Amino acid sequence: MPTFPQGALDVVDAAGAEAATRVLESAPELAVDLEADAMHAFRARLCFLQLGTDADIFLFDTLQPGVDPRLLVPLMADPERTKFFHAAQGDLQFLAEAGVRVRGLFDTHRAVTLLGWPKVGLADLAREKLGIELPKEHQQSDFALRPLPPGMRDYIANDVRYLVELGRQVRDACREADILEEVLLDCARMCDEAAARPETGAEYKPKLSRSGLSSTQYALAHAIAQGLHKQRLEWAEKDNVPMGRMLSNMAITDLALKQPNTHKDLARAAGVRGAVVRAHGDAILGLIREQQEKAARGELDLDRETKGPRDPHRRKREDALKAFRIDQATARKVTPSVILTNPLMDALAAQPPANTEALTQLPYFGEKRVRLYGEKLVALLAPYPVLGS
């Protein structure tokens, strides 16, 4: 049974951050995790950055003056130093926003997903591989609390205490299954695509089905949803709470489709909290009435967006690629995403390769896939060219 670091060192000032960074520079492999107050604030802040080695755990309190994540830039950017994360995508965005880019990532969550393991949570891995139970009760806690309660401190330390050893075991499993190159390519993609988080709510797109709705009805529901989203952002920012605590996406969809006209009806809508009805019920009902009146006057945009020329072979390429991926995965006894990840499927469906050389230029495709599948893919997609190209 491997040994694990005991205790954890709190990093609460510039001197401590510099000293911890010097210690970490001697480690060839690191475990990395972070905590934010996303469940408790309108715009989540990076509250802790946890780093672990075989010997030490450091808890960087990034809310303290002088504890600057940018001290770790050279360490995190070194591609020769492995950084074990578990479910890294959101963490990479927080780090990018703080000015820290990661190279040398090994994401254990992504790896075990590609391995096809049935349980992919960190607690599941710790239980099955190490016989260790990790508590989960603080997953939604407010990590901006200071001082941090002892139970929460133990929780965040445990997120990296076992991750180096788990990462090695998962990496060995990938090597044994002959999928390590594919995993590392996908980890590189995650690092390259990580960017600072978008503005809160900037990516909102109402999920409204057009089924059973006329163009005018759909346009009305869409306008109500967009208006409610704008309002929830204003209310949430004022109260410094997550926008979903004001109105969830489910609540907005239900309101946009049902369009209640009384407080009683409003309170019955899915996911609408009583406190929101009391504080903002009049404003919500007023917004719905305003959009209804615009619809009656014919003032709503009926979503007549201009679309580019249709690619008649796109669906055929997608179907051919799906069948190919399943056949090859069955032959290799791996998950389909090992053969081609979804981003690679999209890229090939959009622009089929003219030859294997074109595949060598496709980001994150890799030498191994060119060798195993290059000629097959060129032949598979040749009957379905992009017209006019």
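The following refers to the structure shown.

## Let's talk about unusual backbone geometry
So, point 1. Between Arg-146 and the following residue, Pro-147, the backbone shows a cis peptide bond with an omega angle of -5°.
So, point 2. For Pro-147, the position within the fold is in the loop between α5 (122-130) and α6 (150-161).
So, point 3. With a phi close to 60°, Ala-87 is a non-glycine residue in the positive phi region.
So, point 4. With respect to the helices and strands, the residue Ala-87 is situated in the loop between β5 (82-85) and α3 (89-97).
So, point 5. Phi is positive for Tyr-364, close to 70°, though the residue is something other than glycine.
So, point 6. On the accessibility criterion, Tyr-364 (24% relative accessible area) is partly exposed.

## Details of the pairing of strand β3 (residues 46-52)
So, point 1. With seven of seven residues buried, β3 lies mostly within the body of the structure.
So, point 2. Of the pairings in the sheet, the one linking strand β2 (residues 29-36) to β3 comprises six bridges and is antiparallel in character. Its bridge partner lying in β3, Asp-33 is registered against Gln-50.
So, point 3. Examined bridge by bridge, β3 and strand β4 (residues 57-61) share five bridges and lie antiparallel to one another. Each bridged residue has a counterpart across the sheet, and for Leu-51 the counterpart in β4 is Phe-58.

## Examining the packing of helix α8 (residues 180-193) against helix α18 (residues 366-381)
So, point 1. Across the interface, α8 lies against α18 with an axial gap of 8 Å and an inter-helix angle of 130°. By the criterion of interaxial angle, the relationship of α8 to α18 is oblique. Of α18, the residues touching α8 (which contributes Glu-181, Glu-182 and Leu-185) are Gly-366, Glu-367, Lys-368 and Arg-369.

## Focus on the sheet that holds β3
So, point 1. Overall, mixed pairing links the six strands, which are arranged β1-β4-β3-β2-β5-β6 in an open sheet. The strands lining the two open edges of the sheet, one partner per strand, are β1 (9-11) and β6 (105-107). Sheet twist, expressed as the mean angle between neighbouring strand axes with direction ignored, is 25°.
So, point 2. Relative to the sheet, helix α4 (residues 108-115) contacts β5 and β6, its axis offset from that of β6 by approximately 55°.

What counts and what doesn't
Residues numbered from 1 in each chain as written. Predicted model: local features only at pLDDT ≥ 70, side-chain atom pairs only at ≥ 80, totals over all residues. Heavy atoms only, no water. Helix = DSSP H or I, 4+ residues; strand = E, 2+ residues; numbered from the N terminus. Buried < 20%, exposed > 50% of the residue type's maximum accessible area, 1.4 Å probe, protein only. Pairing = 2+ DSSP bridges. Axes fitted to C-alpha atoms, helices over the stretch in contact; angles between N-to-C directions. Parallel < 35°, antiparallel > 145°, perpendicular 65-115°, else oblique. Contact = heavy atoms within 4.5 Å.

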